[in-house]
Amino acid sequence: MKINIEEFQHDLVQWFQEEQRDLPWRKDNDPYKVWVSEVMLQQTRVDTVIPYYNRFLERFPSIEAFAEADEEAVLKMWEGLGYYSRVRNLHAAAKEVVNKYGGKVPDTKEKILKLKGVGPYTAGAVLSIAFGKPIPAVDGNVMRVLSRILLITEDIAKTSARKVFEEAAQELMYVPSPSHFNQALMELGALICTPGKPACLLCPVREHCRAFAEGVQAELPVKTRKKSTRHEDRLAVVLRDEHGRILVRKRPEKGLLANLWEFPNLKVVPLLDPWESLQDFLSTEFSLDATIDHVSFTRVHHVFTHLTWMIDAFEGKLQQGEITGCGGLRFVTGQELEELAFPVSHQKIWKAYKEKKS
DNA sequence: AACCCGGGGTT
DNA sequence: AACCCAGGGTT
C-alpha cells in the first residue's frame, strides 16, 4: 500500500474544517493566546483546560499584563492544573519576549526554542498555528495517528522516536495550511484515532491508513510501560494561633509542587507515634509549642504520576512561640489562605477542616 | 536515556 | 489499577 499524499492531505484537512470543535483558543491566532493554550494543553485534556484558559486570559489579556504579574498571582491562576513548572517557565519566557523582543513572540524555530518551557512540540504548534510556518507539531496524538497511518512500529516511549515521527510529519505537511494540517492530526487523534478502540469507520483518512488495511490499528502505537508509583504516608497539621490565623508554608522553589503553599507536614516515621512526631516536628523545625489533637480530623489520599500520598491531618492550637524570620512561613486568615496557590492534596485538607468547623 | 513533574478522565 | 493526555527540564 502506497499512500497518496495529496489525497490524504485533502481528506484530512477538509474533515478538520468541517468537524473541528469550537474551542476558545481557536477564535483567533494571536501568538500569545496560542502559546498559552499550547502550554496548558501539555499532558492535559481539552475539557480541563477550557475554564483555565478563559480565566487566565481574562486576568492576563496581553503578554505585557502577564509579564508584569507577580508569581503568586500567576500560580494562583494555575492552581489545580498541575505541572506548575509550566507556568513558571511560561512567565519567565513571557518576560523575555517583552524585554527582548518588544512583546512580539519570535517566529523562528531557533529563537522560539530558546524560550523556557518551549520544546519541539510547542515550537511547532505556535509557529504553524500563529505564523503559518510548515513546522511539524508532534505530540502523543500525532505519534499515535502517524504510527497507524504509516504503520510505524517505533516505540513512542523512547526519546529517539520523536525524530522519526517529526520526519514523517514533515513529509506529509500540507504547506498551504500548516495550521490546519497540524491541528487536524491532533483533532483526529482526539476524536477518531483514539488509543483504545479507534473509530475507524468514521475516519476521514481510513483509505490512506496502512494499519487499518492490515487490521492492526489496535496494536499501535507501540509503547513500553513505565514503572509503578511509590507510596508515602505523611502527617499534616492545621495550626491556629490565638487570633485564629493558620500556619502555612511555602514549598521550595525546586522539585515537587515548587513554590506552592501548604500546611506544615512531614513523612511518617515508622513505629513512632504520629502525635509525638508532630509535636517534635513543630518544636524542632519551627520552635513552636502547640497542643495537637490526638486523632486526625481527616485522611487524604492523593495520586501523582510517580507517587501517592496518604496524609493524616491533625488540628492544633498554638501555645507559644514565634515565627522566626524565614519568609516561607506565615500565619494567615482563612481568607488570605484561599488567595494563595495550594496543591489539590492540601485543598482537600482545608475543605475537610472547614466542613468540620461548620 | 532515564527520571521527574499534577491532576483528572477512561477503560 | 493501568493507561492516557495538544511535553519539557534535568541529570
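Residues numbered from 1 in each chain as written. Chains lettered and ligands numbered in written order. Predicted model: local features only at pLDDT ≥ 70, side-chain atom pairs only at ≥ 80, totals over all residues. Heavy atoms only, no water.

Engineer: Quick question: what am I supposed to make of the nonpolar core here?
Structural biologist: Generally speaking, a soluble globular protein has its nonpolar side chains buried in company with each other. One finds Trp-35 and Phe-56 to be the most contacted residues of the largest nonpolar core, which totals 98 residues. At seven residues, helix 8 (residues 120–131) tops the list of elements feeding residues into this core. Formed jointly, this core draws a minimum of three residues from each of two domains, domain 1 (5–219) and domain 2 (230–357). Excluding residues within four positions of it along the chain, Phe-56 makes contact with Tyr-32, Val-36, Met-40, Phe-66, Met-77, Trp-78, Val-87 and Leu-90. One finds Ala-290, Ile-292, Leu-329 and Phe-331 within the second-largest nonpolar core, a separate group that totals 16 residues. (Core = buried A, V, L, I, M, F, W, Y, C linked by side-chain atoms within 4.5 Å. Buried < 20%, exposed > 50% of the residue type's maximum accessible area, 1.4 Å probe, protein only. Helix = DSSP H or I, 4+ residues; strand = E, 2+ residues; numbered from the N terminus. Domains from an automatic or database assignment. Contact = heavy atoms within 4.5 Å.)

Engineer: Mind showing me how you'd approach the packing of aromatic side chains here?
Structural biologist: In this description, a pair of aromatic rings is defined by centroid distance and the angle of the planes. Evaluated as defined, the whole model comprises 12 aromatic pairs. Between the aromatic rings of Phe-263 and Trp-350, the centroid separation amounts to 6.2 Å while the plane-to-plane angle is 35°, which identifies the pairing as tilted. You can see Phe-263 sitting in the loop between strand 3 (261–262) and strand 4 (265–267) and its partner Trp-350 sitting in helix 15 (residues 344–357), a full 87 residues away along the chain. Comparing Phe-263 with Trp-350 shows no difference in burial state: the two are buried. Positioned over the ring face of Tyr-52 is Arg-55, at 4.9 Å from the centre of the ring. (Phe/Tyr/Trp six-rings, centres within 6.5 Å; stacked < 30°, edge-to-face > 60°. Lys NZ or Arg CZ within 6 Å of the ring centre and 35° of its normal.)

Engineer: What is the right way to look at the protein's contact with DNA strand C in this model?
Structural biologist: Around DNA strand C, 26 residues are found, and the nearest of them are Gln-43, Thr-122, Asp-139, Arg-144 and Arg-225. In DNA strand C, the atoms that sit within 4 Å of the protein are 66% sugar and phosphate, with bases accounting for the remainder. Contact distances for DNA strand C include 2.7 Å between a phosphate oxygen and a backbone N or O atom of Gly-117. Residue Tyr-121 places a main-chain N or O atom 3.3 Å away from a phosphate oxygen belonging to DNA strand C. Only helix 8 and helix 9 (140–149) provide two or more residues apiece to the surface near DNA strand C. (Near = heavy atom within 4 Å. Polar contact = N/O pair within 3.5 Å; in protein donor to acceptor, adjacent residues only side chain to side chain.)

Engineer: What is the right way to read the UniProt feature "domain: HhH-GPD" (unreviewed entry) in chain A from this model?
Structural biologist: If you check UniProt for "domain: HhH-GPD" (unreviewed entry), the listed places come out as residues 40–191 in our numbering. Between the C-alpha atoms that bound residues 40–191 there is a distance of 19 Å. The span itself is 64% helix and 0% strand. (UniProt positions renumbered as here; feature names shortened; annotations may be inferred.)

Engineer: Even after reading the chapter, I still don't get the domain arrangement of chain A, so can you show me in this structure?
Structural biologist: Interface size, as often reported, equals the accessible area lost upon joining of the parts. When its domains are assigned, chain A resolves into domain 1 (5–219) and domain 2 (230–357). Summarising the inter-unit geometry, the C-alpha centres of domain 1 and domain 2 are found 38 Å apart. Counting from both sides, the interface comprises nine residues of domain 1 and, opposite them, 15 residues of domain 2. Carbon and sulfur atoms supply 46% of the area buried between domain 1 and domain 2, which totals about 900 Å² over both sides. Broken down residue by residue, the surface that domain 1 buries against domain 2 is led by Glu-72, Glu-79 and Tyr-84, which jointly contribute 49%. A salt bridge links Glu-72 to Lys-250, with the nearest nitrogen and oxygen atoms 2.8 Å apart. Linking domain 1 to domain 2 there are seven residue pairs in polar contact (both at pLDDT 80 or more). With four residues, the single largest contributor to the side of domain 1 that touches domain 2 is helix 5 (residues 71–78). Considered class by class, the residues forming the side of domain 1 that touches domain 2 number three nonpolar, one polar and five charged. (Buried area = accessible area lost by both parts, 1.4 Å probe. Salt bridge = Lys/Arg side-chain N within 4 Å of Asp/Glu carboxyl O. Nonpolar A, V, L, I, M, F, W, Y, C, P; charged D, E, K, R; others polar.)

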